[in-house]
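# Structural characterization, general
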Amino acid sequence: MRGVFSAGVLDALLELGLSDFDLAIGTSAGACNLASFIARQHGRNLRCYVNIMARRQLFSVRRALRGGHYMDLDWLWDAFSSEDPLDEAAVAAARTELVSVATCAATGDPVYFTASGATIHHDLKAGCALPFLYRGPVAIQDKHVVDGGLVDPIPAQEAYRRGARRIIVIRSRPSGVVKRSNALTRPLAALLSRTPAVAKASLHTAQRYQEAVQFIKAPPPDAQIIELAPVQPLKTKRTTQDPECLRADYATGHALTHRSRERLHALLS
C-alpha cells in the first residue's frame, strides 16, 4: 500500500511532461504503478488504491486462518480488470520498455519480465505475490515466481546494467532508511520451508537493499541519479487501507515531484 506515494510521483511526472523514458523497471506495486504511467492513465493508480485496494476483501486474517490468502491478489486482479482496467494496448505500444521484477520460486534468483502483449496484466500480478500474505507462487511463462522485493527491492542496478545512465529512483521510505536483518529474519524464513529457495533468498533481502541504497548514493561516474523519497515516514504502512492516509501520501509524492521539477528537467533534457 506504500506504493501510493509513487502513484503521486508518477502522476506529477505526467503533468510535467516527463514521460518519454527508454526503460521503466519496478518491483511489486512499483511495476503496477509504472504500467499506468506508461499507458498515460493519469489518476488510475490513486483510484485503484482508494476505490479498490481499500476494501475489506483485500486483507483478511480470518481467511488466512482458514487456509486462504491473507492478501487476496486473485480478487484484486479481477477487480482491477472489471472496474478500472489497465490500457494494456497502450503499454504494449509505448516506446518505454516496462520490466517487472520477480523472484524465481525454484532458484531464489531475480527474474526480469518484459511486460508486453496480452499477458501484461497477469505478469504484473506475479511480481506482487508476497510470501506470508499470498499463499504460493504465481505461474508466469515457464516459471513460478513470488514478489520481486525479496531479491531486488530497488532495481536501480539492473537499470544501469541495461544501459540506463540518467535514472530517477522512486522510494517509499525516506532516503536515509536502510533495511537490516533482525531477530525475526530467520524464524520467518523457516516458515517458507515449502519453497526453500525463497526462504534462502529472504535471508539476504536486507543486504540487497543496502547494496541498492549504496549504489544510489554513490553511482558509477557515468551515471546520474535523482532519488525521489519522502522526507518523513509515510502514514501508510504495508497494509494500511485508510483512504485519508492513502490520499495524504499520494499528495506527498505529487508535491515532492513538482518541487523537484527543475532538477528533473535538467537531468532529462
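Here the structure is shown first, and the text comes after it.
Definitions and limits used
Residues numbered from 1 in each chain as written. Predicted model: local features only at pLDDT ≥ 70, side-chain atom pairs only at ≥ 80, totals over all residues. Heavy atoms only, no water. Phe/Tyr/Trp six-rings, centres within 6.5 Å; stacked < 30°, edge-to-face > 60°. Helix = DSSP H or I, 4+ residues; strand = E, 2+ residues; numbered from the N terminus. Buried < 20%, exposed > 50% of the residue type's maximum accessible area, 1.4 Å probe, protein only. Lys NZ or Arg CZ within 6 Å of the ring centre and 35° of its normal. Axes fitted to C-alpha atoms, helices over the stretch in contact; angles between N-to-C directions. Parallel < 35°, antiparallel > 145°, perpendicular 65-115°, else oblique. Left-handed = near helix turned anticlockwise from the far one by under 90°. Contact = heavy atoms within 4.5 Å. Nonpolar A, V, L, I, M, F, W, Y, C, P; charged D, E, K, R; others polar. Lys, Arg positive; Asp, Glu negative; His and termini not counted. Salt bridge = Lys/Arg side-chain N within 4 Å of Asp/Glu carboxyl O. Pairing = 2+ DSSP bridges.

This part is about the packing of aromatic side chains. For the structure shown, the criterion picks out four aromatic pairs. Ring geometry for Tyr160 and Phe215: centres 5.8 Å apart, planes at 65°, overall edge-to-face. Here the residue Tyr160 occupies a position in helix α8 (residues 156–161), and Phe215 occupies one in helix α11 (residues 205–217), the gap between them amounting to 55 residues. Given the relative accessible area of 19%, Tyr160 is considered buried. It is Arg165 that lies over the ring of Tyr160; its NZ or CZ is 3.7 Å from the centre.

The subject of this paragraph is unusual backbone geometry. For Ser28, which is not a glycine, the phi torsion comes out positive at approximately 60°. Structurally, Ser28 is set in the loop between β1 (23–27) and α2 (29–38). Since its relative accessible area comes to 18%, Ser28 is described here as buried. Backbone geometry at Phe132 places phi at a positive 80°, although glycine is not the residue there. One can find Phe132 in the loop between α7 (120–126) and β4 (138–140). Residue classification places Phe132 among the partly exposed positions, given a relative accessible area of 43%.

Right, let's get into the packing of helix α1 (residues 4–15) against α2. Two elements in contact, α1 and α2, have axes whose closest approach is 10 Å; the angle formed by their N-to-C orientations is 20°. Classed by the angle they form, the pair α1 and α2 counts as roughly parallel. In this structure, the crossing between α1 and α2 has a hand that is right-handed. Facing α1, whose interface residues are Ser6, Ala7, Leu10, Leu13 and Leu14, α2 presents Asn33, Leu34 and Phe37. Per-class residue counts for the contact of α1 with α2 are six nonpolar, two polar and no charged.

Along the chain, Asp123 falls in helix α7. An unpaired buried charge is present at Asp123: no salt bridge exists, and Lys125, the closest side chain of opposite charge, is 11 Å distant. For Asp123, the contacting residues outside a window of four places in its chain are Ser100, Thr114, Ala115, Ile140 and Gln141.

Quick look at the pairing of strand β2 (residues 97–104) now. The element β2 is extensively covered by neighbouring structure, given that seven of its eight residues are classed as buried. Of the strand pairs in this sheet, β1 and β2 are connected by five bridges, and their pairing is parallel. Paired with Ile25 across the two strands is Val99, which belongs to β2. Where β2 and strand β3 (residues 110–114) come together, five bridges link them in antiparallel fashion. Looking at β3, one finds that Thr103 is bridged to Pro110. Where β2 and strand β5 (residues 143–147) come together, three bridges link them in antiparallel fashion. Paired with Thr103 across the two strands is Val146, which belongs to β5.

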